[in-house]
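Descriptive structure summary
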Amino acid sequence: MGKGPRYGHRLTSKLHYTMGGIKINEKAEVIGQDFEPIPGFYAAGEITGGVHGVTRLGGNSVLDDIVFGRIAGRSVAQAK
């Protein structure tokens, strides 16, 4: 499998998750009403919406949480 780092996540069954929420960009920055990023405000997970358009494929919320959580963390670290 090559060199690490490696990450793991314990999964459990979920029925659904929030459809909609606050908008974010590719850096996980929250987008304000003026369609511009709000400085220092990041979000990931079920609070966000629009990553998959108006709908999503079942089970993809876990991937969103992991990917955008990591992106948000990196964005915060780079902003300091």
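Look up: the structure comes first, before these words.
Residues numbered from 1 in each chain as written. Predicted model: local features only at pLDDT ≥ 70, side-chain atom pairs only at ≥ 80, totals over all residues. Heavy atoms only, no water.

So, on to the environment of Val 62. With respect to the element layout, Val 62 can be found in helix α1 (residues 61–79). Expressed as a C-alpha distance, the spacing of Val 62 and His 9, which sit 53 residues apart in the sequence, is 9.1 Å. Apart from the residues within four sequence positions on either side, Val 62 is in contact with His 9 and Leu 11. (Helix = DSSP H or I, 4+ residues; strand = E, 2+ residues; numbered from the N terminus. Contact = heavy atoms within 4.5 Å.)

This brings us to a nonpolar patch on the surface. Residues Ile 22, Ile 38, Phe 41 and Ile 47 make up a contiguous nonpolar surface patch of about 320 Å² in total accessible area. By secondary structure assignment, the location of Ile 22 is in strand β1 (residues 22–23). Residue Ile 22 is classed as partly exposed on the basis of its relative accessible area of 31%. (Patch = residues over 30% accessible without salt bridge, like charges linked within 9 Å, V, L, I, M, F, W, Y side chains within 5 Å. Areas by Shrake-Rupley, 256 points an atom, 1.4 Å probe, with all protein chains shown as cover. Salt bridge = Lys/Arg side-chain N within 4 Å of Asp/Glu carboxyl O. Buried < 20%, exposed > 50% of the residue type's maximum accessible area, 1.4 Å probe, protein only.)

To continue, consider the pairing of strand β3 (residues 37–42). Taken together, the two bridges between strand β2 (residues 29–31) and β3 define a ladder with antiparallel strand orientation. Looking at the pairing, Ile 31 lines up with Pro 37 of β3. The antiparallel pairing of β2 with β3 creates a hairpin that spans five residues between the two strands, and Phe 35 there sits at a positive phi of about 65°. (Pairing = 2+ DSSP bridges.)

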